[in-house]
Amino acid sequence: MKLSKLQIAAGLVLAIVGLAAALRATTYFVSKLEYKAPERAAAPPATPRDQGVRDEHEAQAKKDAAKPYAEAEYRAFPAVGSRVAVWVVAQLHLLFAAFVLAVPIFALIIEFIGYRTGDKRYDHLAYEFTKLLSVSFSLTATFGAFLTFLLIALYPKFTNYLMSVFSPTFLPYVLLFFLEAFFLYTYYYGWGKFSPRVHLLLGLGLNLVGTAIMLIANAWLTFMMSPRGVSEAGAVISVMDAVTNFTWMPINVHRVIANVAFGGSVAGAYAAVKFLQAKTDEERAHYDWMGYIGNFVAISAFLPLPFAGYWLAKEIYAFSQTLGLTMMGGAFSWLFIIQAVLIGNLFLAANYYLWLGMGRVEGAREFQRWIKYLLVVVALCFMVWATPRSIIATVSEVRAMGGGAHPALGFLGVMSAKNTAVNILILTTFMSFLLYRRTGKTAVVPWKKTGNTAQLAIFGFAAATVIGLGILGYFVEARVRIGLSVPQVGSVLFAMVAITAIDVPLYRGATMSHEVRWGRIPPISQYVLIFIAVTFTWLMGLMGYVRSGLRQHWHVYGVIRDTSVDAFTPTLGFATKVVSVTVLIFFGLIGFVFWLSSLHDQKDWADKQKEKGA
Amino acid sequence: MKLRVPLLAKLGLLIVATTGFYTYVGQMVPQKEVYPPQETVIKADVTTADMVKIGQEIFTGKGLCSTCHTIGKKTGPYRYPDLEGVDARAGTREPGLNDVEYFAKSMHEPDAFIVPGFNPGMPTINKPPIGLNEQEILCVIAYLQSLGGTPNVTLATKHKYNGGDAAPVAQATP
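Residues numbered from 1 in each chain as written. Chains lettered and ligands numbered in written order. Predicted model: local features only at pLDDT ≥ 70, side-chain atom pairs only at ≥ 80, totals over all residues.

Examining the overall build of chain A
Tallying secondary structure elements over chain A gives 22 helices and four strands in all. Principal-axis analysis of the C-alpha atoms places the extent of chain A at approximately 115 × 80 × 55 Å. Counting the 614 residues in chain A, one finds 38% classified as buried. (Helix = DSSP H or I, 4+ residues; strand = E, 2+ residues; numbered from the N terminus. Buried ≥ 20, exposed ≤ 12 C-beta atoms within 10 Å, placed from the backbone.)

As structure tokens, this is what we get:
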């Protein structure tokens, strides 16, 4: 039986009236059951009970009036505790903020390419990325407000201290936030309404203001890790020093790069979902291209990220060896094994996606034969990087090994091996990019042989430098070994820049032997894009934990001690559970953002009804 | 009949499986909760032998010394100097300083003298975040003396940093 709309409405009204009647009746009967002295009904005199109640009220009123003000140091959050509540909300705020800061960066670049080349596809793509921003911006602000209220409510004393240090930064922060809203909504709603140059300027303003907001917020959080500009007792000496503390600039650089990598991956995931929902080849081609660009942005930013990470770690050590050793050799050292698994997966997935993408071009066979060798190198590097120095072993296993470290594999667990592995991984992924870029193209410049030879020589030089210095690291003192990572990183960066500098003119005006057939890629590639986005998000959550958790029992390291019940550092197992819950909530919410963005392209309800009727 | 799994279910499964896998990896590594260091209560009449025991506890606990320093590690690489038999070397490291003054200087001004072959990096031990008090530092000195020497400090021992002079000989005053 199908109910009419009138029946449903009548049912709802009846239910509300019934509920109200039930409540009124309950109140009436309960008040009848209250004990009353027999004489109270006529003229209630002061009975001993009434007098007692009055006395109690008076005593309570006196007690309340005399109660001294005492500032609470901590308050408890129900069920999960204060730390987990703040942790999850802060991480969600950071994830949305990262996305909102990152998307305008590459949307602006893509729009600029479209403006310079006159190719409208780029303009449409940039707009499609920007469509994801407005709801995400609201969610970022909502989580930011939620986090602030939680901090004030749960950690009032510590929050008060931070406010006393950074109060001069609050007004600029709020003003910048207004400006961010102005630029974001004008950039989004003004798409196609202004001249391209004005619109590009709006995008530039959006990026500059967004970055400035991030710089201020980064000052607050880095101060907690590496305080500066305050006395030993915590009194403010210089706000500027507190802002420009030891880890501020490394975090700024690391965050900008990581945000772009993360934002690219989430935008790639959006394209993947749209690809899988696509009904036509045209849609598939568009979203395949969008996914490719998103992934390209993500991996391009991901490649230099470890170098920014090195700098940050170096500054942490320079600020406090204790903090550095807690990170790499103490309570958090095993966290970096989990990080190795994540980054290894990212490299594997990114390379796999590129290799699958070669199928878009007929003439890819020439390059595909190299994939098996690249896969072996990637897998070997992954295995080295994920090898711990000491392993969890039983007593008999430790005896059999002759110590906590395995006699052979233990050598792969030290930094010399790991630095070598990650640098070769980066070089290999860069090589995959290069091969993909060349697919279907034939260089026509007269110096193509020289160019190819020079590129190969640079690649070989970089690989030999990385491996040679990695081996040397086993035979030198610690202070020399630590310094070797700099030329290792330098040679890889040099190779990436120099090879690209040759490759661009080498393939300028190249003939296309085969056309790129966008959309002709196996559907599994789209699941790989989503896997990459989830892994990036999880990695952001994990690294957010280590950055914050490093302080251990300090709110502000060495200045304000954490004396709450949560002052201990939880197990890594617990931390990973919290990270996972946060990631799942984020993807639930970002799914909502995707859905809202896709509503824009859907037909109006009235049109749909008309079509149904027809 | 071929069962068609809705796209939303596939995506949800992929996301849950990926996070589940990383959570599983997180359970596979050693699980350890790290608690804030306990305050050590040192009675006024504590003996030198007791100070050695207290010093050893501080060395591996509140002082965080064992995060960097090993004791009796036979082969390198060494992060920071191994402290096996350190008392035998401490009295001759710097001209004019006995073992107690040398240890006290190492903890109060760690960058003033760096053992050849190593980088500076030791934190100032009487300042936060480690922040040992002078009694605790004396206990650590007693423990370090026990590594290759005979402990002789007491809570009344004076050195340059707790009101004494930089004396060239060990103080074994009661």
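Remarks on the environment of Tyr353 of chain A
In this fold, Tyr353 of chain A is placed in helix α13 (residues 335–357). The spacing of Tyr353 of chain A and Gln526 of chain A is 173 residues in sequence and 8.5 Å in space, taken between C-alpha atoms.

A word on the interface of chain A and chain B
Contacts between the two partners involve 45 residues from chain A, matched on the other side by 35 residues from chain B. Among the elements that take part in the side of chain A that touches chain B, helix α21 (residues 572–599) of chain A stands out by supplying eight residues, more than any other. Taken together, the residues that form the side of chain A that touches chain B break down as 26 nonpolar, 15 polar and four charged. (Contact = placed C-beta atoms within 7 Å. Nonpolar A, V, L, I, M, F, W, Y, C, P; charged D, E, K, R; others polar.)

A word on unusual backbone geometry
In this chain, Pro128 of chain B is followed by Pro129 of chain B through a cis amide linkage whose omega measures 10°. Following the sequence through the fold, Pro129 of chain B ends up in the loop between α4 (99–108) and α5 (134–145). The phi dihedral of Ala79 of chain A falls on the positive side, at around 70°, and the residue is not glycine. Residue position: Ala79 of chain A is located in the loop between α2 (48–66) and α3 (82–117). For Gln552 of chain A, which is not glycine, the phi torsion reads 50° and is therefore positive. Its place among the elements puts Gln552 of chain A in the loop between α20 (524–549) and β3 (554–556). Look at Gln552 of chain A and you get buried, because 21 C-beta atoms sit within 10 Å.

A short note on the confidence of the model for chain A
Chain-level pLDDT for chain A is 89 on average; 94% of the residues reach the 70-or-more range. Helix α7 (residues 196–225) of chain A holds the highest mean pLDDT among the elements of chain A, 97, whereas helix α16 (residues 395–401) of chain A holds the lowest, 70. (pLDDT = per-residue confidence, 0-100.)

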